[in-house]
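Here is what each chain is made of, one letter per residue.
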Amino acid sequence: MAKNKSAGNSRDAARQAHANQLAAEKRRSRTITWTIVGVIAAVVAIIVVVTLMNTSRSIPDAGPTPTSGTASGGILFEDGVPAEGDAPDEVDATEVDEPNPESAGASPTEVPGADSADIIIYADANCVHCASFEAENSEAIGELAADGHSVEYRLVNFLDNPGTDNYSSRAANAATCAAEEAPESSLDFVSELFASYNTHQGAGLTNDELEGVASDAGADISDCISDNTYRPFVNFTTAKAIEAGIAGTPSVWVDGEYYENTGGGESFQEFAEAQLEG
C-alpha cells in the first residue's frame, strides 16, 4: 500500500513538474515575444525620428520667395488672384530679428506691413480656430476680394510637430506653391485647405492628400510640394510673425485694425465693411 502511495506521489510530482515546466516555457515565450515587439517598436521609433530629423535638416535656412510674397512673409491677393509682392527674391529666417522681450506675451497694437493689404490674416493650416474662421468667413473674404480689396495670408507653422510630419509647414508650402504655379486656383486652394480640417481633425494631410486638394482646386503642384520649394519662406513668415508679437492664430487685421474674434461681437464681414468704408 505504501508502495502504491509512493508511486502516486511520484506521478503527481512529475505532473506538477511538467506543468511548472510548461508554465515557465509560456512565460519565457511571452517575455521573448514582448521583447521582440519592444525592440521592433524602438527601431521603428528611431527610424521615424531620424527620418524627421533628416527631413528637418534638409530644409535650408534661405530660399526663394513666390512672386506674390511680401516683406512680412505673406501671400498677396488682389482681385482674388496672387499679385506681385514686395519681398526680395530670397529670404532667410535666421536673419529676422528676435521679438522685443519687453512686449512678450502682449498682443501687438499694430501689424507690420499694414499698408501691404486691406485684409491681413495670420493663420496656421492645422489650427482648428483658423478652420472655423475660414468656414464662417471665406465667402465674405471672397466677396471683399471681388470688390477690389486686397487680401494677404501670412501662413505660419506654429503647430508643427513630428506626429504630423510638420503638417503646418507642408500645408503652407503647398499654398505658396499654388499661388506661384496655379494663381487662378490658389485662393480656392487656401479655402479647401482649411475646410479639410474637418476630415483630418488635426492629424494633418499627407503630401499626396495635399496634391489631391490642389488637384480638386484645379492646380498641379506635386513637384513643388515634394521639393519643399517654399519651406524656407514659411519659416521666414513664422519668424516675422514672432518678431511682430503674433502669439496665436487666427490673427486678423483690416485696414490696420485688429479684429476681436470673440464670437459674441460683430461679425468679421460687418467689421471689415465698416473699416474699409470708413
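Residues numbered from 1 in each chain as written. Predicted model: local features only at pLDDT ≥ 70, side-chain atom pairs only at ≥ 80, totals over all residues. Heavy atoms only, no water.

J.: How should the pattern of salt bridges be read in this particular structure?
T.: Where charged atoms from two side chains of opposite charge approach closely, those side chains can pair. Summed over the entire model, instances satisfying the criterion amount to three salt bridges. Put simply, Arg 154 and Glu 152 hold a salt bridge, and the shortest N to O gap is 2.8 Å. Since its relative accessible area comes to 0%, Arg 154 is described here as buried. A relative accessible area of 0% places Glu 152 in the buried class. Among the ionic pairs, Asp 165 bridges to Arg 170, the shortest N-O distance being 4.0 Å. Using a relative accessible area of 7% as the deciding quantity, one classes Arg 170 as buried. (Salt bridge = Lys/Arg side-chain N within 4 Å of Asp/Glu carboxyl O. Buried < 20%, exposed > 50% of the residue type's maximum accessible area, 1.4 Å probe, protein only.)

J.: I tried to follow the side chain of Asp 124 on my own but got confused; where do I start?
T.: Inspection of the secondary structure puts Asp 124 in the loop between strand 5 (119–123) and helix 2 (128–146). One buried charge, Asp 124, has no salt-bridge partner; the nearest side chain with opposite charge is Arg 170, at 11 Å. Here Ser 168 takes part through its side chain, which lies 2.6 Å from a polar atom of the side chain of Asp 124. Once residues within four sequence positions are removed from consideration, Asp 124 is found in contact with Cys 130, Val 156, Asn 157, Phe 158, Leu 159, Ser 168, Phe 194 and Thr 249. (Helix = DSSP H or I, 4+ residues; strand = E, 2+ residues; numbered from the N terminus. Lys, Arg positive; Asp, Glu negative; His and termini not counted. Polar contact = N/O pair within 3.5 Å; in protein donor to acceptor, adjacent residues only side chain to side chain. Contact = heavy atoms within 4.5 Å.)

J.: What am I meant to see in the state of the cysteines here?
T.: Cysteine pairs can be linked by a disulfide, which is a covalent bond between their two sulfur atoms. Counted according to the given criterion, the structure contains one disulfide. Note on cysteine connectivity: Cys 177 is disulfide-linked to Cys 224, with sulfurs 2.1 Å apart. Every disulfide takes its handedness from the sign of the S-S torsion; for Cys 177 and Cys 224 that torsion is -80 degrees, giving left-handed. One end of the pair, Cys 177, is in helix 3 (residues 167–181); the other, Cys 224, is in helix 7 (residues 222–226), with 47 residues separating them in the sequence. In this pair, the class of Cys 177 matches that of Cys 224, namely buried. (Disulfide = S-S within 2.5 Å.)

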